[in-house]
Amino acid sequence: MKAKLFADRHFPIGEVDRRLFGSFLEHLGRAVYGGIYEPEHPTADEMGFRRDVLEMVKKLGVPVVRYPGGNFVSGYCWEDGTGPKEQRPRRMELAWSAVETNQVGIDEFQQWAKLAGADVMMAVNLGTRGVEEAKNLLEYCNFPGGTRYSEQRRANGFPEPFGIKYWCLGNEMDGPWQIGHKTAQEYARLAAETGRVMKMMDPSVELVACGSSNSGMPTFVDWEETVLNETYDIVDYISLHSYYGNPEGDSRKFLACSRDMDKFITTVAAVCDVVKQRKRSDKTMMLSFDEWNVWFHSAEQDKKLEKWTVAPPQLEDVYSFEDALVVGCLLITLLRHADRVKMACLAQLVNVIAPIMTENGGRCWAQTIFYPFMDASRYGRGVSLHTAVECETYDAGQYGKTPYLEAIALADEESRSVTVFAVNRSLEEEMELSVSVTGFGALRMLGHTVLHCDDLKAVNTADSPDTVQPRELPVGDTVVLPPQSWNVLRFAY
Ligand code: AHR
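Residues numbered from 1 in each chain as written. Predicted model: local features only at pLDDT ≥ 70, side-chain atom pairs only at ≥ 80, totals over all residues. Heavy atoms only, no water.

(A) Quick peek at the overall build of the protein. Helix and strand content of the protein: 11 helices and 25 strands. Against the globule reference of 23 Å for 493 residues, the protein gives a C-alpha radius of gyration of 22 Å, in line with a compact fold. Expressed along its principal axes, the backbone C-alpha trace of the protein runs to roughly 65 × 60 × 45 Å. Across the 493 residues in the protein, those meeting the buried criterion constitute 61%. Counted over contacts in the protein with a minimum sequence separation of 6, partners at least 24 positions apart contribute 77%. Total accessible area computed for the protein in this model is approximately 18,600 Å², and 51% of it derives from carbon and sulfur atoms. Placing the 51 positive and 70 negative side-chain charges of the protein at their respective mean positions leaves the two points 3 Å apart. (Helix = DSSP H or I, 4+ residues; strand = E, 2+ residues; numbered from the N terminus. Rg over C-alpha atoms; globule rule 2.2 N^0.38 Å. Buried < 20%, exposed > 50% of the residue type's maximum accessible area, 1.4 Å probe, protein only. Contact = heavy atoms within 4.5 Å. Areas by Shrake-Rupley, 256 points an atom, 1.4 Å probe, with all protein chains shown as cover. Lys, Arg positive; Asp, Glu negative; His and termini not counted. Charge placed at Lys NZ, Arg CZ, Asp CG, Glu CD.)

Right under this line is the structure:
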């Protein structure tokens with residue numbers, strides 16, 4: 001099959017924000033305990049953080065990590081995770097029916113984030129708590145000293161404020177599963193008042209209001225409109241969450257699910273713009289896609305887990321090569337909306353629906369989805385360009401007529417390079433791609449890496465961590481994308 005790609009320097013979409021390659025760590029399953037933190041592990045540092053995991057996180061280059069939830073945050077008392085560890089309470093954790101030991105809290109997490117080279121995106125509990133607790137937490141984290149909570153932080157061994165800039169006003173408050181679930185109007189008022197107080201205390205913080213938990217929610221769109229009506233002048237972002245799966249085993253359809261993400265982003269941006277006009281505002285609301293991934297493999301096994309244990313192996317999806325292709329398509333979609341989506345978090349980072357897996361006390365390895373994410377985080381720099389493709393299409397059921405080629409071109413002035421990310425969705429045919437990115441003079445091809453596997457269901461495990469691995473293809477006169485492949489094409493100008 002032949003395909004063509006067109007882009008031009010003079011048709012930019014927008015500057016790619018580094019925070020598009022953020023991730024998420026929730027107090028859930030083995031994400032924290034047995035994931036990033038395991039004091040008894042042979043690689044643990046003096047704080048109990050696993051060095052082997054940290055090294056892998058650094059390879060992904062995540063600039064921001066959302067914490068501590070997720071559904072978890074809606075029942076969380078942040079104070080439990082501060083101060084001397086031996087005095088911290090164990091609690092019933094209602095979101096995931098587990099026991100929380102509180103051996104990691106914001107004190108430890110901000111230290112870990114520094115080691116990982118990432119900013120913390122902190123969520124406040126607007127499920128069981130409200131303005132007062134959010135205010136206290138912000139004082140604890142960001143106020144230099146001389147007040148009750150800032151002095152508490154200092155007494156706990158942190159003389160300098162943590163300086164946390166990004167704050168989520170609750171999590172998925174539209175979801176009936178959420179602890180302290182609210183109607184749109186109830187949440188909108190609470191988010192507005194919490195946000196107003198937080199900005200009084202620290203005007204430099206950036207706030208994220210909860211959008212819908214996914215675009216299939218019955219209240220989707222009305223929820224966004226109600227929330228933005230109340231919070232438009234106060235918050236900086238509205239959140240989007242979306243997970244995709246292939247329980248029916250229809251790979252052709254599954255590979256097209258990024259079209260749903262595309263529609264979701266376009267719709268939320270449109271709602272934001274309606275509210276903007278209604279308010280005669282000059283401010284454009286930005287989007288924070290702070291939970292996205294493939295999630296479906298672990299659904300059945302999780303039903304068998306015993307309740308009320310510490311760090312059970314929950315949501316441990318083992319990702320196939322096919323999932324990596326979907327993650328590639330989702331990354332391209334985020335980049336295509338670089339003008340509006342300024343933050344995004346791959347959910348999650350370690351063990352829980354994650355690119356990195358660990359054994360308690362043992363090995364850690366990269367899942368298949370690690371690789372497209374690492375490539376995008378490493379090379380997704382500069383400006384994303386309007387990218388048109390000319391290629392054959394196929395019928396992908398609810399996702400409609402879908403081009404076999406999913407692609408985006410980016411130009412980075414600093415490194416004088418153009419990068420093309422491309423997925424060939426065809427399961428049978430290779431694709432000869434003609435790349436026409438103009439306005440830069442002659443482009444010289446630097447390299448072509450590919451993630452391809454004959455078996456769509458191939459996985460990486462502790463015993464065979466390299467089954468799905470990227471490899472370099474020789475640079476020739478023509479660019480050929482293997483069937484079912486994720487590709488990174490690099491050019492110099
Ligand atoms: O990431 C797993 C869960 O998915 C989060 O806790 C929640 O916000 C979402 O429903």
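(B) Representation of the packing of helix 5 (residues 184-201) against helix 6 (residues 222-231). At a minimum axis separation of 8 Å, helix 5 and helix 6 run at an interaxial angle of 30 degrees. One element, helix 5, and the other, helix 6, form an angle in the roughly parallel class. Crossing hand, helix 5 versus helix 6: right-handed. Along its contact with helix 5, which presents Ala184, Gln185, Tyr187, Ala188, Arg189, Ala191 and Ala192, the element helix 6 presents Trp223, Thr226, Val227, Glu230 and Thr231. Split into classes, the residues belonging to the contact of helix 5 with helix 6 amount to 7 nonpolar, 3 polar and 2 charged. (Axes fitted to C-alpha atoms, helices over the stretch in contact; angles between N-to-C directions. Parallel < 35°, antiparallel > 145°, perpendicular 65-115°, else oblique. Left-handed = near helix turned anticlockwise from the far one by under 90°. Nonpolar A, V, L, I, M, F, W, Y, C, P; charged D, E, K, R; others polar.)

(C) Structural context of the pattern of salt bridges. Evaluation of the coordinates by the stated rule reveals 29 salt bridges. In this structure, the salt-bridge partner of Lys58 is Glu55, at a minimum N-O distance of 3.5 Å. Here Lys58 and its partner Glu55 are both found in helix 1 (residues 51-60), 3 residues apart, which amounts to about one turn of the helix. A residue is classified by how much of its surface remains accessible, and Lys58, at 40% relative accessible area, is partly exposed. In this structure, the salt-bridge partner of Glu406 is Arg336, at a minimum N-O distance of 2.3 Å. Placement of Glu406 in strand 19 (residues 405-412) and of Arg336 in helix 10 (residues 321-336) is noted, with a sequence separation of 70 residues between them. (Salt bridge = Lys/Arg side-chain N within 4 Å of Asp/Glu carboxyl O.)

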